[in-house]
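Chains, contacts and geometry: an overview
Chain by chain, the residues run as shown.
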Amino acid sequence: MKDENEILPEHLWNEKRFEGLREFVIAESGKQSPEQQLEYQMLGLRFKIEHYIHDLLIDEGDGATDYHTIHDFVKMYLKLLGVTQKQLAELFEMKDSNLHKYLTGERRLSTDMAFKLASFTKTTPEHWLRLEVRNELKKLGVAKAAEFEKYGHQNLATAQE
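First things first, this report covers the structure right here in the doc.

Definitions and cut-offs
Residues numbered from 1 in each chain as written. Predicted model: local features only at pLDDT ≥ 70, side-chain atom pairs only at ≥ 80, totals over all residues. Heavy atoms only, no water. Patch = residues over 30% accessible without salt bridge, like charges linked within 9 Å, V, L, I, M, F, W, Y side chains within 5 Å. Areas by Shrake-Rupley, 256 points an atom, 1.4 Å probe, with all protein chains shown as cover. Salt bridge = Lys/Arg side-chain N within 4 Å of Asp/Glu carboxyl O. Helix = DSSP H or I, 4+ residues; strand = E, 2+ residues; numbered from the N terminus. Core = buried A, V, L, I, M, F, W, Y, C linked by side-chain atoms within 4.5 Å. Buried < 20%, exposed > 50% of the residue type's maximum accessible area, 1.4 Å probe, protein only. Contact = heavy atoms within 4.5 Å.

Focus: a nonpolar patch on the surface
A cluster of nonpolar residues, Ile-7, Leu-12, Trp-13, Phe-18, Leu-21, Phe-24 and Val-25, forms a patch on the protein surface that exposes about 750 Å² of accessible area. Ranked by residue count, the leading element in the nonpolar patch is helix H2 (residues 15-29), at four residues. Among the structural elements, Ile-7 can be located in the segment before helix H1 (9-12).

Comments concerning the nonpolar core
Counting 26 residues, the largest nonpolar core has Leu-117 and Trp-128 as the members making the most contacts within it. Those elements that provide at least two residues to this core are helix H3 (34-53), helix H4 (70-81), helix H5 (85-91), helix H6 (96-104), helix H7 (111-121) and helix H8 (125-147). At six residues, the largest contribution of residues to this core is made by H4. Other than its neighbours up to four places away in sequence, Leu-117 contacts Ile-70, Val-74, Phe-92, Leu-103, Leu-109, Thr-123 and Trp-128.

Focus: unusual backbone geometry
For Glu-93, which is not glycine, the phi dihedral falls at a positive 55°. Residue placement: Glu-93 occurs in the loop between H5 and H6. A residue is classified by how much of its surface remains accessible, and Glu-93, at 75% relative accessible area, is exposed. Its identity as a non-glycine residue notwithstanding, Lys-122 has a phi of 60°, on the positive side. Within the secondary structure, Lys-122 is located in the loop between H7 and H8.

Below, the structure written as structure tokens:
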């Protein structure tokens, strides 16, 4: 028997309430200055990187959810800021071709490059370095991990018996 006083999920969250919340968010965001809106959009990209680093899937709506390069994230910032990769290279005092090699993974990310990206995106150098490491580990995959199981401490214990 169903309790008449029972609160069901649809009582708390339904299409009508969602639409009301959406309208509220749009109205409030319209009150923000362009600078504030940009800050929030940049913060959103920062959270996207953090989620990706922690292996949470990012769904861009195109089904591609499991691998993003540094270049992918930098392109998101460039688009948001209305800056070209060539302009970014000039800002970083380097050739566009060299920047491209860092962004695509052809060159390992240096700490200097991580600091430059962090300054440009208002993130931390760790974000960019961790992103690179996460992608390297993802490329290697489970097969590589299995190759190193022989180094587990339990193998040392059995060798001494």
